[in-house]
Amino acid sequence: MTISNNRRKTLISGIQPSGQVHLGNWVGALKNWVRLQDDPNYECSIFVADYHSLSGDYDPQDKRRQVLEIMTELLAAGLDPEKCTLFRQSDIPEHTELCWIFNTLTPLSFLERMTQFKDKSGQQDRNVNMGLLDYPVLQAADILIHHGEAVPVGRDQVQHVELTRDVARFYNRKYGVDYFPEPEPYLTDTPKLRSLTDPLKKMSKSLGEKSYIALSDEPDVILKKIKGAVSETEGRLTLTEAELDELLTKPLEERGLDEETLRGQAGVWNLIGLLRLFGHEGEAQRFVDSQPIRYGELKPLLAERIAERFADFRERKRELEAYPDRVLKIFAAGAERARETARKTMEEVRRTIGIR
Ligand code: ADP
Ligand code: TRP
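It should be emphasised that the depicted structure is a prediction, and the values quoted were computed from it without experimental measurement.

**Observations regarding the overall build of the protein**
Then step 1. Tallying secondary structure elements over the protein gives 15 helices and 5 strands in all.
Then step 2. A principal-axis box enclosing the C-alpha atoms of the protein has dimensions of 70 × 50 × 50 Å.
Then step 3. Scored against the burial criterion, the 356 residues of the protein give a buried share of 51%.
Then step 4. Taking the intrachain contacts of the protein between residues at least 6 apart in sequence as the baseline, contacts between residues at least 24 apart amount to 78%.
Then step 5. A gap of 2 Å separates the mean positions of the 51 positive and 58 negative side-chain charges of the protein.

**Focus on the site of ligand 1**
Then step 1. Ligand 1 sits among 18 residues. The nearest are His22, Gly154, Asp156, Leu193 and Lys202.
Then step 2. A distance of 2.7 Å separates an oxygen atom of ligand 1 from a polar side-chain atom of His22.
Then step 3. Within the side chain of Asn25, a nitrogen or oxygen atom sits 3.1 Å from an oxygen atom of ligand 1.
Then step 4. Per-element tally for the shell around ligand 1: the top contributor is helix H1 (residues 23-36), with 4 residues.
Then step 5. Looking at the shell around ligand 1 residue by residue, the classes come out as 6 nonpolar, 8 polar and 4 charged.

**Focus: the packing of helix H4 (residues 94-103) against helix H15 (residues 324-353)**
Then step 1. Viewed as axis vectors pointing N to C, H4 and H15 meet at an angle of 25°, and their least axial separation amounts to 10 Å. The angle between H4 and H15 places the two elements in the roughly parallel class. By crossing handedness, the relation of H4 to H15 is classed as left-handed. Two secondary-structure elements touch here, H4 through Glu94, Glu97, Leu98 and Ile101 and H15 through Arg339, Ala342, Arg343, Met346, Val349, Arg350 and Ile353.
Then step 2. Residues of the contact of H4 with H15, tallied by class, amount to 6 nonpolar, no polar and 5 charged.

The rules we used
Residues numbered from 1 in each chain as written. Chains lettered and ligands numbered in written order. Predicted model: local features only at pLDDT ≥ 70, side-chain atom pairs only at ≥ 80, totals over all residues. Heavy atoms only, no water. Helix = DSSP H or I, 4+ residues; strand = E, 2+ residues; numbered from the N terminus. Buried < 20%, exposed > 50% of the residue type's maximum accessible area, 1.4 Å probe, protein only. Contact = heavy atoms within 4.5 Å. Lys, Arg positive; Asp, Glu negative; His and termini not counted. Charge placed at Lys NZ, Arg CZ, Asp CG, Glu CD. Near = heavy atom within 4 Å. Polar contact = N/O pair within 3.5 Å; in protein donor to acceptor, adjacent residues only side chain to side chain. Nonpolar A, V, L, I, M, F, W, Y, C, P; charged D, E, K, R; others polar. Axes fitted to C-alpha atoms, helices over the stretch in contact; angles between N-to-C directions. Parallel < 35°, antiparallel > 145°, perpendicular 65-115°, else oblique. Left-handed = near helix turned anticlockwise from the far one by under 90°.

Geometry only, nothing functional implied.
The following block contains the structure:
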């Protein structure tokens with residue numbers, strides 16, 4: 001592997017502390033974080049986006065526990081503080097300071113058209129707060145304050161990375177500098193895992209417990225959730241995966257197939273895709289080749305494979321849970337390191353924009 005310009009690229013990503021890490025997080029993002037911390041081309045930082053999580057509905061009683069749990073899970077999943085800077089966003093107030101400066105550069109119309117803003121303001125229609133709208137600007141600050149160049153995320157976050165590129169460009173142009181890089185999203189082969197209960201939507205904590213598999217779910221829970229997964233009842237793949245993806249990009253009236261059919265097809269392909277990821281070579285293909293798909297075999301096999309894959313994770317999580325202070329200390333030490341870069345960036349920004 002070559003290291004371009006003898007310099008490592010800065011890689012940064014974050015996750016909100018709003019529940020347990022699930023399989024969608026893993027296949028879309030976390031898997032890459034764990035892999036890329038060993039890649040000599042990248043200098044990695046991963047953080048817990050606690051400021052971001054305040055824009056959702058939440059009970060303040062839960063937040064401290066959620067932050068500690070996500071930290072514990074990131075370590076259990078294999079992130080290693082020797083290889084990757086781990087920190088908590090709110091330990092670095094410079095992130096929010098830079099966000100304010102970026103607010104003055106970001107057109108309101110860009111934020112109003114963000115898909116996540118539209119979805120979330122529908123989901124929590126009694127709490128459409130400014131944080132929901134401003135969310136991508138804080139994300140741009142998270143990335144650019146560390147001069148992030150590569151941002152490993154799932155597909156749903158690509159639009160936010162694109163906004164980050166706009167913000168970097170607006171800043172550089174307004175102040176006549178070439179200061180912030182334009183970061184690129186870094187996707188896995190499965191940038192969108194589907195929900196088990198509504199396969200037309202992405203797997204997400206917000207769709208309820210049955211819709212996702214948490215990495216910490218015990219084997220019996222995994223089996224139960226997979227048994228309940230929505231999929232085409234006859235076990236027939238009437239569309240190829242490519243045809244399905246193509247149809248789903250079209251507006252409802254141009255699809256020519258009803259939603260239930262599409263949901264069923266999306267559900268089967270989601271299970272097949274999971275077996276490809278977590279099973280052995282050829283296992284998934286055998287089911288595709290011998291239709292009707294025998295769910296009675298596919299589902300228990302898939303549940304077993306997933307449970308096996310995360311057995312170590314469950315074990316490490318249990319071990320780490322006995323030492324919460326150690327976990328917190330690791331993130332505090334990372335924050336100290338990350339804050340140095342953030343401070344330096346803010347000093348330079350304050351001078352450039354004319355307030356120092
Ligand atoms: P959630 O949507 O469940 O709240 P987060 O917003 O905390 O999850 O996502 C953390 C990371 O995991 C992001 O990079 C996001 O793009 C990725 N991710 C979340 N859900 C999925 C999914 N279903 N498929 C692929 N990637 C996902
Ligand atoms: N918005 C991301 C999510 O919900 C989390 C996040 C916050 C993030 N800041 C970031 C991801 C910066 C990448 C880079 O998943």
